[in-house]
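Okay, here's what each chain looks like letter by letter:
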Amino acid sequence: MLKDVLKEYDLDSVSIATLASHSSLQIFHGAKQEGFKTTAIAVEDRLWFYEQFKHLIDHFIVLKSWRELCRREVVEELRRLSAVLIPHGSYVEYVGLDCAENIEVPIFGLRRLFRVEADQWAKMGLLQRAEIPTPRLYRVGEDVDRLVIVKLPGAKGGKGYFLARSSHEVLEGLRRRVEEGLIRSPEEAMIQEYLVGVPVYYHYFYSPVLDRIEILGADIRYEANVDGLKRLPPQFAVELSLEPSFVVVGNIPLVLRESLLPKILEYGIRFVEATKRELPPGVIGPFCLESVIGDDMDVKVFEFSGRIVAGTNIYVFGSPYSYLYWDEPMSTGRRIARELKMAIERGVLEKVVT
Ligand code: AMP
C-alpha cells in the first residue's frame, strides 16, 4: 500500500496531518517551523477552538465523529493533500484500533506498535523482553501479597484506577467498575505492584535517519487526587476514607540528576532494540517510558507510549535536553517535522513512515 500511495505524493508539498486534540498544536507549530503545510482533522464541536490557531493550520478536515476518519472520502482527501499522519495519545482511542492501524495514509511512526500498546499484557511483555526493569504483575484472581495498583485498559488518563492490598480488594474494586460500565469484565484489568518512589516520564526520539536516540525531555504528571492528597493532613484522608485516584490533569517539567541520564538512555536504547527485533523496522520517532524512581535510584518502568506524549507540550520552546542536541528550540513536534524533512531531502522517506 505504502509504496503506491507515496508514488502519488508531491514531496515538495507534504502536509503534516493530525487529529485536533492531545498535542496537535505543538505538532502544527513544529511543522510550520520546518516549513511544512498542516492539516487539522477536527470534530465539529471543537472546530471553533482550533480556528483560533488558524495561523498554524493550512487545511481543516471536519468530521461529525472521529470514527469517520477511515471513510473513503476522508482518506482520499488526505492523500490529495500529500498528508503524513502523526499519531498521538488520542489517535487510537478516538478512531479505534482497526482504523488506526489500517488507514491507507502514510503514518509517521510504527503502526504495528498500536496493537501492542492496546494490550496491557503484550505491552509489559515487550518491556520485559527488552530487559527493562518492570514492577511485578498479577493476573486477576492471583494471590496479591503487597500493595498493588489496578489499571483499566485504554488511554483514558488513569480513569478508574485504584489501589488494593489483597485479592479481595482487587475483586471488589473491579466488581464496582464493571457495574459502573468502565469495563466489561474484571479480566480486562492489569494489576501491578505499586512502586513507591517518585514518578518520572522520559520523552525519547529515535531517528532512523541519523540512527540515534535522543532524550528530548522529562516530566511529572499532575494527577487528581493522588497529588492533591499531599495537601491534606493524613488524618483527614483516613477519617473521610479518601482513596487515591490517578486522573491526569496536566504535566510539570523536570530536570534529572545528570548521573541518572546514562541509565535512562540505556533503557531507551534497549526499547528501540527490542522493537527492531520484534516489530521490524522498530519504533520510529517519539516514544515515552513511564517510571517510578525509588530512593535507591532504582528505575522501574510501569508503562510505555509508542508515540508523542502530552508531557512534551511543556516544551514547545524546546527542553534543557533537546537544546543540547540541536542548539535551537526543538520541541518534539518540531523534531518530528525535522525528521520528515531530513528523510525527504535524503530520499529515504520510507524509513520514517509505515
Ligand atoms: P498509566 O496509565 O500506566 O500511565 O498510570 C497512571 C498513573 O498511575 C501513573 O502516572 C502513576 O501515577 C500511577 N502508576 C501507574 N502504575 C504504577 C505503579 N506500578 N506504581 C506506582 N504508581 C503507578
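Here the structure is shown first, and the text comes after it.
Given the structure is predicted, the values throughout are model-derived calculations rather than measurements.

(A) Summary view of the site of the ligand. The environment of the ligand is made up of 15 residues, and the closest members are Lys151, Tyr161, Tyr201, Glu223 and Glu290. In the model, an oxygen atom of the ligand is placed 3.1 Å from a nitrogen or oxygen of the Arg221 side chain. Within the side chain of Glu303, one N or O atom sits 3.3 Å away from an oxygen atom of the ligand. Contact with the protein chains hides 95% of the accessible area of the ligand, taken as 480 Å² for the molecule alone. At the level of secondary structure, the elements contributing two or more residues to the shell around the ligand comprise β6 (148–151), β8 (190–193), β10 (212–225) and β13 (299–305). Broken down by class, the residue content of the shell around the ligand amounts to 8 nonpolar, 1 polar and 6 charged. Split by domain, the residues of the shell around the ligand number at least three in each of domain 2 (118–132 + 196–330) and domain 3 (137–193).

(B) Structural detail: the sheet that holds strand β7 (residues 162–164). Taken in spatial order, the 4 strands of this open sheet run β5-β8-β6-β7, and their pairing is antiparallel. Among the strands making up the open sheet, the edge pair consists of β5 (137–138) and β7. Judged from the 2 bridges that link them, β5 and β8 form a sheet pairing that is antiparallel. If you follow Tyr138 over to β8, its bridge partner there is Ile191. Against the sheet, helix α9 (residues 167–179) touches β6, β7 and β8, its axis set at about 150 degrees to β7.

(C) Region of interest: the layout of surface pockets. Size it by volume and the second largest pocket reaches roughly 370 Å³. Lining the second largest pocket are 16 residues, and of these Leu163, Arg165, Glu169, Glu243 and Pro244 sit closest to its centre. If you list the elements that add at least two residues to the lining of the second largest pocket, you get β7 and α9. Per-element tally for the lining of the second largest pocket: the top contributor is α9, with 5 residues. Of the residues belonging to the lining of the second largest pocket, the class tally is 7 nonpolar, 3 polar and 6 charged. Both domains that meet at the lining of the second largest pocket, namely domain 2 (118–132 + 196–330) and domain 3 (137–193), each give it at least three residues.

(D) Region of the structure containing a nonpolar patch on the surface. A grouping of Leu232, Phe236, Leu240 and Leu242 is seen on the molecular surface, where their side chains present a nonpolar patch of about 340 Å² in accessible area. Its place among the elements puts Leu240 in the loop between α10 (234–239) and β11 (246–253).

What counts as what
Residues numbered from 1 in each chain as written. Predicted model: local features only at pLDDT ≥ 70, side-chain atom pairs only at ≥ 80, totals over all residues. Heavy atoms only, no water. Near = heavy atom within 4 Å. Polar contact = N/O pair within 3.5 Å; in protein donor to acceptor, adjacent residues only side chain to side chain. Areas by Shrake-Rupley, 256 points an atom, 1.4 Å probe, with all protein chains shown as cover. Helix = DSSP H or I, 4+ residues; strand = E, 2+ residues; numbered from the N terminus. Nonpolar A, V, L, I, M, F, W, Y, C, P; charged D, E, K, R; others polar. Domains from an automatic or database assignment. Pairing = 2+ DSSP bridges. Contact = heavy atoms within 4.5 Å. Axes fitted to C-alpha atoms, helices over the stretch in contact; angles between N-to-C directions. 1 Å grid on protein atoms, 1.4 Å probe; cavity = no way out; pocket = protein on both sides within 12 Å on 5 of 7 lines; lining within 4 Å. Points joined across faces, edges and corners; volume = space filled by probe spheres on them. Patch = residues over 30% accessible without salt bridge, like charges linked within 9 Å, V, L, I, M, F, W, Y side chains within 5 Å. Salt bridge = Lys/Arg side-chain N within 4 Å of Asp/Glu carboxyl O.

So, to be careful, I would describe these as geometric facts and stop short of saying anything about function.
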